[in-house]
Amino acid sequence: IHDVAADAQVSTATVSRVLNEPWRVSPDARERVTASIAKLGYTPNLRARLLARGDSGTICFLLSNRPFLHSIHTQMLQGAADRANALGVQIVYAACSYLPDTPPSEIEMPRILAARGLIDGVIVAGTNYPNMLQAIDELALPRVLFGTNLIAPGLDRVPAAIYVDDESGGYLAAKHLISLGHKAIRFIGDVTLPWYRRRYEGCARAMREAGLEVHPAIGKRDATEQTITEYAMGASAVNELCDRGEPFTAIFAGGDMAAHGAMRSLAARGLRVPGDVSVVGFNDEELAQIAEPPLTTIRIPTEQIGAQCVDMLRKMLQEDAALDAATVPVELIERESTAPIRHS
């Protein structure tokens, strides 16, 4: 570092900042230091830098009980990685599968979490239960939770967590359908799972305000997507409604994949979307844009959530204190799967 500082005609502190916090250095000084590093062939000693900083400069993104290809979590990881990179911090990915009744001490944690000092904290994503949070706490690791997919009966919110405003999303979806003249609206989603329950509650609130009859939610699925998928839930729910002869002109599905399954079953029964039935989804996954017809849905800012998880975790590390939970807003994205009701 002394050699680089002398060659670049800057202080050793400036060289250190270029290596660790480059955004704090002027472009001119940063360019001179970078050129000197290349000229002299200097390679930083990572272990020495970590010892000097007192932390590892590494955050773990832990995905529990979900396949990696689930688009919401891959977009969250991308957002977290982009924000971490801007802060000079690195993100490492790890996966874990466990059961809700496994004792915390018996959960097979990724080795990078169990080994002391390799990471500074954890972003906990995927579908999780209280035993995982307890297991991480027992490792004395700061953590931020994606709280929307936490399954903890009787516990609506936990500190240091980020939640999607599911209920507002359900309310927006139902208000949109009501504005198009729909009265027979059915919700597809397994309300034993908290994210579907909150979306159903928002939908039901809008319908009650409009003086409409609120029907029970329909649908059953597996939280970890290992048996009954969301797509299958949507398809079977439509078949059940049709087989029972229950009238409906609009469907609000608690996930885009459920909406896609519902539209496929509607088409198989000769019902057109949106000519006969309007359909709204939730999440605004890439699938929603390429569906036929393109799907009206509730958009959640997935990459923003990932970045916000990094910000919250870094603040916890700097202040050495737990933070309150935060809620991110959602928005309605109108596409061609919804239309005004046709009057015969």
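Placed above this text is the structure.
Below: a short report on this structure.

The rules we used
Residues take numbers from 1 onward in each chain, read along the sequence in its written order. Local features in a predicted model are, by the rule used here, given only for residues with pLDDT of at least 70; side-chain atom pairs are given and counted only at 80 or more, and totals for whole chains, interfaces and linings are based on all residues. The basis for every side-chain value is the complete set of heavy atoms in the structure, and neither hydrogens nor water enter the calculation. Here, the term nonpolar core denotes a set of buried Ala, Val, Leu, Ile, Met, Phe, Trp, Tyr and Cys residues that are joined through side-chain atoms within 4.5 Å. Note on exposure labels: buried denotes an accessible area under 20% of the residue type's maximum, exposed denotes more than 50%, and partly exposed covers the range between, all computed with a 1.4 Å probe on protein chains only. For the purposes of this entry, the term helix denotes a DSSP run of H or I that reaches at least four residues, the term strand denotes a run of E that reaches at least two, and both are numbered from the N terminus. Two cysteine sulfurs form a disulfide in these notes if their separation is within 2.5 Å. The salt bridge definition used is simple: a Lys or Arg side-chain nitrogen within 4 Å of an Asp or Glu carboxyl oxygen.

**Some words on the nonpolar core**
Point 1. With 48 residues, the main nonpolar core has Leu62, Leu113, Met132, Ile136, Ile188, Ile251 and Val279 as its most contacted residues.
Point 2. Sort the elements by how many residues they give to this core and helix H11 (residues 256-268) lands first, with 5 residues.
Point 3. Counting residues in each nonpolar core, the second largest holds 43 residues, with Val144, Leu212, Ile298 and Ala326 among its members.

**Points about the state of the cysteines**
Where two cysteines share a covalent bond between their sulfur atoms, that bond is called a disulfide.
Point 1. What the rule picks out here adds up to 0 disulfides.
Point 2. Considering cysteine sulfurs only, Cys60 is the nearest to Cys96, which forms no disulfide, with 10 Å between them.
Point 3. You can call Cys96 buried: its relative accessible area is 4%.

**A closer look at the pattern of salt bridges**
Point 1. Evaluated as defined, the whole model comprises 20 salt bridges.
Point 2. In this structure, Lys220 and Asp190 form a salt bridge, with 3.6 Å as the shortest nitrogen-oxygen distance. One end of the pair, Lys220, is in the loop between helix H9 (194-209) and helix H10 (230-243); the other, Asp190, is in the loop between strand E6 (185-188) and H9, and 30 residues separate them in sequence.
Point 3. Put simply, Glu246 and Arg244 hold a salt bridge, and the shortest N to O gap is 2.6 Å.
Point 4. The class for Glu246 is partly exposed, based on a relative accessible area of 24%.
Point 5. With relative accessibility at 43%, the residue Arg244 sits in the partly exposed group.
Point 6. By sharing partners, the salt bridges in this structure join Arg186, Glu240, Arg244 and Glu246 into a single network.

**Here we look at unusual backbone geometry**
Point 1. Residue Pro274 follows Val273 across a cis peptide bond; omega there is 5°.
Point 2. Relative to the elements of secondary structure, Pro274 occurs in the loop between H11 and strand E8 (278-283).
Point 3. Glu292 connects to Pro293 through a cis peptide bond whose omega is 0°.
Point 4. Note on placement: Pro293 falls in the loop between helix H12 (286-290) and strand E9 (296-299).
Point 5. The backbone of Asn65 sits at a positive phi, close to 55°, despite the residue not being glycine.
Point 6. Here Asn65 shows up in the loop between strand E1 (58-64) and helix H5 (71-86).

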